[in-house]
Amino acid sequence: MILDLEPIFNNEGMVREFSYELDLSAQELSGAKPFTSPVKVSGSAGNYTGIVELRAKADFVLEMDCDRCAKEIKVPLEMDFFHTLVTHLNDETNDELLLVNELRFDLDPLITEDIFLDLPAKFLCDEECKGVCPKCGKDLNEGSCGCEKEIDPRLAALRQLLDD
Ligand SMILES: [Zn+2]
Ligand SMILES: [Zn+2]
């Protein structure tokens, strides 16, 4: 969505609210395309005593496979973003500030980047997910399989000692 920042930069006290749906269905995450439904984005850009602030909220559901058992899961996420917008940088080292080159500002790349930076590193159907057996592939959440457990080689050596 294009946000016209010109009236906001030029008028102290001016606040514009926005609310729209962002289609990220083409975006890939670890080989999958989990954004099966649009991201609801809402927020505001406002000039507060000369400082232009952008606040946004993204609300969406990811359809992912559990990292351990590969079961398909739906992960509802809600994220909040905040940026201070400037049209020129006095201090190049301040990365709190977002430099706006174009006053007709396209929100989509920024929100997309914000979302990706904020995504969890792991997706699990349950914190306690037991995953699948590495030998037979059985879902261990549904009960244990008949496979012998992998024994830590150090433990195996110890057992050997005790047996002798
Ligand atoms: Zn799982
Ligand atoms: Zn097994």
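Residues numbered from 1 in each chain as written. Chains lettered and ligands numbered in written order. Predicted model: local features only at pLDDT ≥ 70, side-chain atom pairs only at ≥ 80, totals over all residues. Heavy atoms only, no water.

Observations concerning the coordination of the zinc ion (ligand 2)
Reasoning step 1: Around the zinc ion (ligand 2), the protein contributes the donor atoms Cys-133 (SG), Cys-136 (SG), Cys-145 (SG) and Cys-147 (SG), at 2.3 Å from the metal centre.
Reasoning step 2: For the zinc ion (ligand 2), the four donor atoms in the first shell make angles of 104 to 112° at the metal, so the coordination geometry reads as tetrahedral.
Reasoning step 3: Positions of the donor residues of the zinc ion (ligand 2) along the chain correspond to the pattern C-x2-C-x8-C-x1-C. One end of the pair, Cys-133, is in the loop between α2 (107–118) and α3 (153–163); the other, Cys-147, is in the loop between α2 and α3, with 14 residues separating them in the sequence.
Reasoning step 4: Residue Cys-133 is classed as buried on the basis of its relative accessible area of 7%.
Reasoning step 5: Residue Cys-147 is classed as partly exposed on the basis of its relative accessible area of 28%. (Donors = N, O, S within 2.8 Å, 3.2 Å for Na, K, Ca; no water. Tetrahedral: all angles 85-135°; square planar, octahedral: opposite > 155°, others 65-115°. Helix = DSSP H or I, 4+ residues; strand = E, 2+ residues; numbered from the N terminus. Buried < 20%, exposed > 50% of the residue type's maximum accessible area, 1.4 Å probe, protein only.)

Focus on the coordination of the zinc ion (ligand 1)
Reasoning step 1: Binding of the zinc ion (ligand 1) to the protein goes through Cys-66 (SG), Cys-69 (SG), Cys-125 (SG) and Cys-129 (SG), at separations of 2.3 to 2.4 Å.
Reasoning step 2: Every donor counted, the four donor atoms about the zinc ion (ligand 1) form angles of 104 to 113° at the centre, which fits tetrahedral coordination.
Reasoning step 3: Within one chain, the residues donating to the zinc ion (ligand 1) are spaced in sequence as C-x2-C-x55-C-x3-C. Taken together, the residues Cys-69 in the loop between β4 (51–65) and β5 (72–86) and Cys-129 in the loop between α2 and α3 connect sequence positions 60 residues apart. Each member of the pair, Cys-69 as well as Cys-129, carries the same accessibility label: buried.

A few points about the pattern of salt bridges
Reasoning step 1: Under the defined criterion, the tally for this structure stands at one salt bridge.
Reasoning step 2: For the salt bridge of Glu-53 with Arg-55, the shortest nitrogen-to-oxygen distance reads 2.8 Å.
Reasoning step 3: Classification of Arg-55 by relative accessible area gives partly exposed; the value is 39%. (Salt bridge = Lys/Arg side-chain N within 4 Å of Asp/Glu carboxyl O.)

As for the domain arrangement of the protein chain
Reasoning step 1: Each assigned domain of the protein chain is listed with its residue range as follows: domain 1 (2–129) and domain 2 (130–164).
Reasoning step 2: Using C-alpha coordinates to define each centre, domain 1 is positioned 44 Å away from domain 2.
Reasoning step 3: Each side of the interface is counted separately: domain 1 has four residues, and domain 2 has five residues.
Reasoning step 4: The contact between domain 1 and domain 2 buries some 340 Å² in all, and 52% of this surface belongs to carbon and sulfur atoms.
Reasoning step 5: When the buried area of domain 1 at its contact with domain 2 is split by residue, Arg-68, Cys-69 and Cys-129 rank highest and sum to 77% of it.
Reasoning step 6: Where domain 1 meets domain 2, there are zero salt bridges.
Reasoning step 7: Where domain 1 meets domain 2, there are one residue pair in polar contact (both at pLDDT 80 or more).
Reasoning step 8: Its residues placed into classes, the side of domain 1 that touches domain 2 shows two nonpolar, no polar and two charged. (Domains from an automatic or database assignment. Contact = heavy atoms within 4.5 Å. Buried area = accessible area lost by both parts, 1.4 Å probe. Polar contact = N/O pair within 3.5 Å; in protein donor to acceptor, adjacent residues only side chain to side chain. Nonpolar A, V, L, I, M, F, W, Y, C, P; charged D, E, K, R; others polar.)

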